[in-house]
Amino acid sequence: MKRILIILAAILAVFFLLKSCGENPEKAAKATVEEFIENIRDEEGKEAIKLLYPPFRDALAQDLKIPIELTETKPSELLACVLSSMGENIKKVKVLDVSKIDDKHTEVLVKVIDKQGIEKVFTFIVIKDEKKWKIASISGIR
């Protein structure tokens, strides 16, 4: 009986050890980017901005050139509207590559084809912020 308890304890210890090793960073970062793009496609800008790393989100909101007084909305709400409107032109999205930079950063390369057939490639840098992965940078390649 004692031997069975020791074996069960060892199995549980191994299970929790493997579980505590954490998630696959590449898979988690890819899922964040895919969810972000899906939110944009579904015109859910408010959900999309939740996936942005706060300093990056704030920088994007500041780059909007519309005076806030004219729109009477918060910068993040205005950013959500812009993201929502971008989704209607997306036809196809394909993740080309995912590569781990370090324990907290992953690069996701994405190809987007718009409704006019124009292909664009984007690099997403995704950062682990506490327990969640957030998009810290988006840059176009082509």
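Whatever comes next refers back to the structure up there.
Rules behind the numbers
- Residues numbered from 1 in each chain as written.
- Predicted model: local features only at pLDDT ≥ 70, side-chain atom pairs only at ≥ 80, totals over all residues.
- Heavy atoms only, no water.
- Core = buried A, V, L, I, M, F, W, Y, C linked by side-chain atoms within 4.5 Å.
- Buried < 20%, exposed > 50% of the residue type's maximum accessible area, 1.4 Å probe, protein only.
- Helix = DSSP H or I, 4+ residues; strand = E, 2+ residues; numbered from the N terminus.
- Contact = heavy atoms within 4.5 Å.
- Lys, Arg positive; Asp, Glu negative; His and termini not counted.
- Salt bridge = Lys/Arg side-chain N within 4 Å of Asp/Glu carboxyl O.
- Polar contact = N/O pair within 3.5 Å; in protein donor to acceptor, adjacent residues only side chain to side chain.
- Pairing = 2+ DSSP bridges.

Novice: Explain the nonpolar core here, please?
Specialist: Side chains that are nonpolar tend, in soluble globular proteins, to be buried together. In this structure, Phe-36, Phe-124 and Val-126 are the most contacted members of the largest nonpolar core, which totals 22 residues. Only α2 (25-41), α3 (45-49), α6 (75-86), β2 (105-114), β3 (119-129) and β4 (132-140) provide two or more residues apiece to this core. No other element matches the six residues that α2 contributes to this core. Apart from residues lying up to four places away in sequence, Val-126 is in contact with Ala-29, Thr-32, Val-33, Lys-104, His-105, Thr-106, Val-108, Trp-133, Lys-134, Ile-135 and Ala-136.

Novice: Could you clarify how one ought to interpret the side chain of Lys-134 in this entry?
Specialist: Tracing the backbone shows Lys-134 in strand β4. Asp-129 provides the closest opposite charge to the buried, unpaired Lys-134, separated from it by 4.9 Å. A distance of 3.0 Å separates a polar side-chain atom of Lys-134 from the backbone oxygen of Lys-50. Dropping the residues within four chain positions of it, Lys-134 is found in contact with Thr-32, Lys-50, Leu-51, Leu-52, Tyr-53, Ile-125, Val-126, Ile-127 and Asp-129.

Novice: Can you walk me through the pairing of β4 in this structure?
Specialist: Two faces belong to every sheet, and in a regular strand the side chains alternate between them. Pairing of β3 with β4 involves eight bridges; the strand directions are antiparallel. Residue pairing for β4: Ile-125 is matched across the bridge by Ser-137. Taking the residues between adjacent antiparallel strands as the criterion, β3 and β4 are bridged by two residues, where Glu-130 takes a positive phi near 60°.

Novice: For this particular structure, what's the right way to read the side chain of Thr-32?
Specialist: On the secondary structure map, Thr-32 appears in helix α2. Thr-32 gets classed as buried once you look at its relative accessible area, which sits at 8%.

Novice: It is not clear to me how the pattern of salt bridges should be interpreted in this structure. Could you clarify?
Specialist: Pairing between side chains of opposite charge can happen when their charged atoms approach one another. Scanning the model with the defined rule gives six salt bridges in all. With a closest N to O distance of 4.0 Å, Glu-34 and Lys-30 form a salt bridge. Here the residue Glu-34 and the residue Lys-30 both occupy positions in helix α2, the gap between them amounting to four residues, near one helical turn. Of the charged contacts in the structure, one is a salt bridge between Lys-50 and Glu-47, with a shortest N-O distance of 3.1 Å. In this structure Glu-47 comes out as partly exposed when scored by relative accessible area, which is 35%.

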